[in-house]
Amino acid sequence: MKEVRIHGRGGQGSVTAAELLAIAAFEDGKYSQAFPFFGVERRGAPVTAFTRLSDKKIRLRSQIYEPDYVIVQDATLITAVDVTAGLKPGGIVIVNSEKSADNVGIDQRIDTRTIDATGIALEIIGRPIVNTTLLGAFAGATGEISIESINKSVLARFPGKVGELNVQAAEKAYALMSAPREPQKHVKQRIRAKRESKVQPEGEKIIKGVIGRPGTSEATKTGDWRVFYPEFDMEQCIRCGKCLENCPDAAIREHVLHGKKAEEAKRRAEELEKTGKIKKAAAKKAHIQYQLNPEYCKGCGICANECPIKGIQMKLEEK
Amino acid sequence: MENRGETRPLDLFSSGHRACAGCGPALTIQAILRATGAKVFVVSATGCMEVVSSQYPQSAWNVPWIHSLFENSAAVASGIEVALKVLGRSDDGKVVVIAGDGGTVDIGMQAISGMFERGHDICYICYDNEAYMNTGNQRSGSTPYDASTTTSPAGAKSFGNDRPKKDMPAIAAAHGIPYVATTSVGYPKDLTTKVQKGISVDGPAYLQIHAPCNIGWGFDSAKTIEIARLAVETGLWAMYEIVDGKLTNVMKVSKSKPVEEYLKQQRRFAHLFKMPGGEAQIKIIQDKASANVDRLRVIAEEESR
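This one's a predicted model, so the numbers in the text were calculated from it and none came from an experiment.

Cut-offs and rules
- Residues numbered from 1 in each chain as written.
- Chains lettered and ligands numbered in written order.
- Predicted model: local features only at pLDDT ≥ 70, side-chain atom pairs only at ≥ 80, totals over all residues.
- Heavy atoms only, no water.
- Helix = DSSP H or I, 4+ residues; strand = E, 2+ residues; numbered from the N terminus.
- Buried < 20%, exposed > 50% of the residue type's maximum accessible area, 1.4 Å probe, protein only.
- Contact = heavy atoms within 4.5 Å.
- Lys, Arg positive; Asp, Glu negative; His and termini not counted.
- Charge placed at Lys NZ, Arg CZ, Asp CG, Glu CD.
- Pairing = 2+ DSSP bridges.
- Axes fitted to C-alpha atoms, helices over the stretch in contact; angles between N-to-C directions.
- Salt bridge = Lys/Arg side-chain N within 4 Å of Asp/Glu carboxyl O.
- Polar contact = N/O pair within 3.5 Å; in protein donor to acceptor, adjacent residues only side chain to side chain.
- Buried area = accessible area lost by both parts, 1.4 Å probe.
- Nonpolar A, V, L, I, M, F, W, Y, C, P; charged D, E, K, R; others polar.
- Parallel < 35°, antiparallel > 145°, perpendicular 65-115°, else oblique.
- Left-handed = near helix turned anticlockwise from the far one by under 90°.
- Expected span 1.5 Å × (residues − 1).
- Phe/Tyr/Trp six-rings, centres within 6.5 Å; stacked < 30°, edge-to-face > 60°.
- Lys NZ or Arg CZ within 6 Å of the ring centre and 35° of its normal.

Draft legend 1. Spatial organisation of the overall build of chain A. The secondary structure content of chain A amounts to 10 helices and 10 strands. The C-alpha extent of chain A, read off along each of the three principal axes, is 75 × 50 × 35 Å. The buried share among the 319 residues of chain A stands at 49%. In chain A, of all internal contacts separated by at least 6 residues, the share reaching a separation of at least 24 is 67%. The distance from the centre of the 51 positive side-chain charges to the centre of the 41 negative ones in chain A is 4 Å.

Draft legend 2. Here's a closer look at the sheet that holds strand β4 (residues 122–128) of chain B. Residues and elements named next belong to chain B. What the 8 strands build is an open sheet, ordered β2-β1-β3-β4-β8-β7-β9-β10; its pairing is mixed. For this open sheet the edge positions go to β2 (65–67) and β10 (246–248), each flanked by a neighbour on one side alone. Recorded for the sheet is a direction-independent mean angle of 20° between the axes of neighbouring strands. In the sheet, strand β7 (residues 179–184) pairs with strand β9 (residues 241–243) via 3 bridges, with the strands oriented antiparallel. Paired with V180 across the two strands is I242, which belongs to β9. Across the face of the sheet, helix α3 (residues 73–86) comes into contact with β1 (40–44), β2, β3 (94–100) and β4 while running at roughly 175° to β3.

Draft legend 3. Quick look at the pattern of salt bridges. All chains considered together, the criterion is met by 30 salt bridges over all chains. Members of the salt-bridge network, linked through shared partners, are E3, R52, D68 and K88 of chain A.

Draft legend 4. Examining the side chain of H271 of chain B more closely. All names here are of chain B. Note on placement: H271 falls in the loop between α10 (260–263) and α11 (278–304). Here H271 falls in the buried class, since its relative accessible area comes to 9%. Of the polar contacts made by the side chain of H271, one reaches the backbone oxygen of D146; its length is 3.1 Å. Once residues lying within four places of it in the same chain are set aside, the contact partners of H271 are D146, S148, A154, F159 and G160.

Draft legend 5. View of the interface of chain B and chain A. Counting residues at the interface gives 40 residues for chain B, matched by 41 residues for chain A. Across the chain B/chain A interface, buried area totals approximately 3,700 Å², and carbon plus sulfur atoms make up 51% of it. Taken together, the links from chain B to chain A amount to 2 salt bridges. When the shortest N-O distance is used, the salt bridge between R229 of chain B and E306 of chain A registers 3.0 Å. Summed over the shared surface of chain B and chain A, the result is 21 residue pairs in polar contact (both at pLDDT 80 or more). Of all the secondary-structure elements, those providing two or more residues to the side of chain B that touches chain A are α1 (24–36), α2 (48–53) and α9 (224–233) of chain B. Residue composition of the side of chain B that touches chain A, grouped by class: 18 nonpolar, 14 polar and 8 charged.

Draft legend 6. View of the packing of helix α1 (residues 14–27) of chain A against helix α5 (residues 147–157) of chain A. Residue and element names in this part refer to chain A. Taken N-terminus to C-terminus, the directions of α1 and α5 make an angle of 120°; their axes are 8 Å apart at the nearest point. It follows from the interaxial angle that α1 and α5 lie oblique. Crossing of α1 against α5: the hand is right-handed. Between α1, through T16, E19, L20, L21, I23, A24 and E27, and α5, the contact on the second element is made entirely by S149, I150, K152, S153, V154 and R157. Residues of the contact of α1 with α5, tallied by class, amount to 6 nonpolar, 3 polar and 4 charged.

Draft legend 7. Structural view of helix α6 (residues 161–177) of chain A. Residue and element names in this part refer to chain A. Look at α6: 24 Å from first C-alpha to last across 17 residues, which is about the 24 Å you get at 1.5 Å a residue. Listed in full, the buried residues belonging to α6 are G163, L165, N166, V167, A169, A170, A173 and M177. Packing partners of the buried residues in α6 comprise β5 (92–96), β6 (111–115), α3 (117–124), α4 (131–142) and α5.

Draft legend 8. Fine view of helix α5 (residues 109–118) of chain B. Residues and elements named next belong to chain B. Of all the positions in α5, only A111, I112, G114, M115 and F116 are classed as buried. Those residues of α5 hidden inside the fold are in contact with α3, α4 (101–106), β4, α6 (168–174) and β8 (205–210). Phi for G119, located one or two positions after α5, is positive at around 75°.

Draft legend 9. Unusual backbone geometry, seen in detail. Of note in the backbone geometry, A250 of chain A takes a positive phi value of approximately 50° without being a glycine. Within the element layout of this structure, A250 of chain A appears in the loop between α7 (242–245) and β8 (252–256). Judged by its relative accessible area of 0%, A250 of chain A falls in the buried class. Positive phi is not limited to glycine here, since E130 of chain B has a value of about 65°.

Draft legend 10. Spatial organisation of the pairing of strand β1 (residues 2–9) of chain A. All names here are of chain A. For β1, the buried fraction is high: 7 of the 8 residues fall into the buried class. Taken together, the 8 bridges between β1 and strand β3 (residues 46–54) define a ladder with antiparallel strand orientation. If you follow I6 over to β3, its bridge partner there is A49. As defined by bridge partners, β1 adjoins strand β4 (residues 69–72) across 4 bridges and the pair is classed as parallel. Of the residues in β4, the one forming a bridge with V4 is Y69.

Draft legend 11. A look at the packing of aromatic side chains. Residues and elements named next belong to chain B. Within the structure shown, the criterion is met by 9 aromatic pairs over all chains. Between the aromatic rings of F116 and Y206, the centroid separation amounts to 6.2 Å while the plane-to-plane angle is 85°, which identifies the pairing as edge-to-face. Taken as a pair, F116 in helix α5 and Y206 in strand β8 lie far apart in primary sequence, 90 residues in all. This pair shows no difference in class: F116 is buried, exactly as Y206 is. What links up through ring pairs into an aromatic cluster is the set F13, W61 and W65. Above the plane of the ring of W217 lies R268, whose end atom (NZ or CZ) is 3.8 Å from the centre.

Here you go:
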């Protein structure tokens, strides 16, 4: 029996990936199981899903604690979640990242493979939905499942054009991952789980059953949920405050410049106004700056949509 | 958490909460707390906003906050209000309930009715995202006509939810409470004014705030505010106050937009544009919206006379 754990973010299709993999295993004549970790999943929040594949009937019904394979749909999860916890000796970790395996922040002793699934998905599917691409990569890297079965399973779930594009993306990833590679690294022992991640601010003691202090959710940096980030054009900005008012995560802040910095900003703005590049409303308030707090912005795009001068552009986050 | 030289006051609903990107209800809570200020005791019913704001051992709330159950937020709030009175601490702050539409119009109904009846000095605020979104979009009494949810799915024999949206503000008003109002997250100024009125009134107040959920309704996360405004501009969400039993301060929709503009942007109504007979259904929805707009116009005109 082989066990697979998929780490993703809510909305990335981790649970769907686990199910597609299980269905593909049926197609290959295997027994399989797929199920999610039950929690309060929100779009962008870390989530986990599991798949078991076996030639024999699977009696086990527990969560997967010691996976043979781990799929990481979003490399930013590596710092937030203990993705390699319990990995079996000889286990493989597949990470969606542009970086090389040595640079994604996973223990160097572990056989890690990276693939730019976001790039492939954006190029072929046109959306950063990476689950099917990563299944292709999984088939290529592990040989546990045939790409034909992955394709069948994807097409059954997403008939028509959408399914075909997903199959193309999966096949591209399969080809990339099944290419010959250097000898594999091996870990002799099971990878131990790290101690529970820090959820409380520095110096704060966790008292069981008690929420110690108000406002402590600030210790959770939700900024790594986002795919896109807003870029502000502070020269054109008329400082109406709509973006501040409409940020569900209070991630946009107003800073007022003082002294020399304020004078400098005003002077620059007046020059721009003279040349007709910016409006008077913008020039008058040049000393006020709006700044994004990247630690919390989830990239929803409301600010860009509400900006009356269209001075906010959503840009793809580089991960 | 010091206020690092920024002009904006400390957020009473702090960053790091786990709401989805572009969450309408999260925006609603921020707006509510900006309007109330720090002198409030918040009681939350079970629901999205309770779950995302209190993942143990953290809390997003910078005001005194308690969560109990789906059904009894109004009862818990009543207890707090009476306790404050007995202790002579009523000036410490107003008791405010923040609950979703499921916890309000369905499960919490009897406790709310009791709270209104007993005349507690509590401001009850319902953020209305029109279904049980915490558990994945199940129909509630507040789900609008023809919306497809997981428990009222559109299909070969169904256009989705076949019952009208429950008129909770009218039910609240029928209790004879001093202040009832509806508003929307798409109109922050209106929201602020009404929340402030709600907490300043002596006795029970009920507010219902329309708050789009991009995941459950199926639209792009950037459009939360746009969709909220469209609901008002099409006449499908009416904004008004009922002060001492009298309907007043209605927001007049002078040139209402066709309901299609609102419906076509949302996955929960997508079937209306594909299924045979969908057009007739859209007409039914349009008629409701038009009736709404007309009714409010008449009241607005009477008032301005």
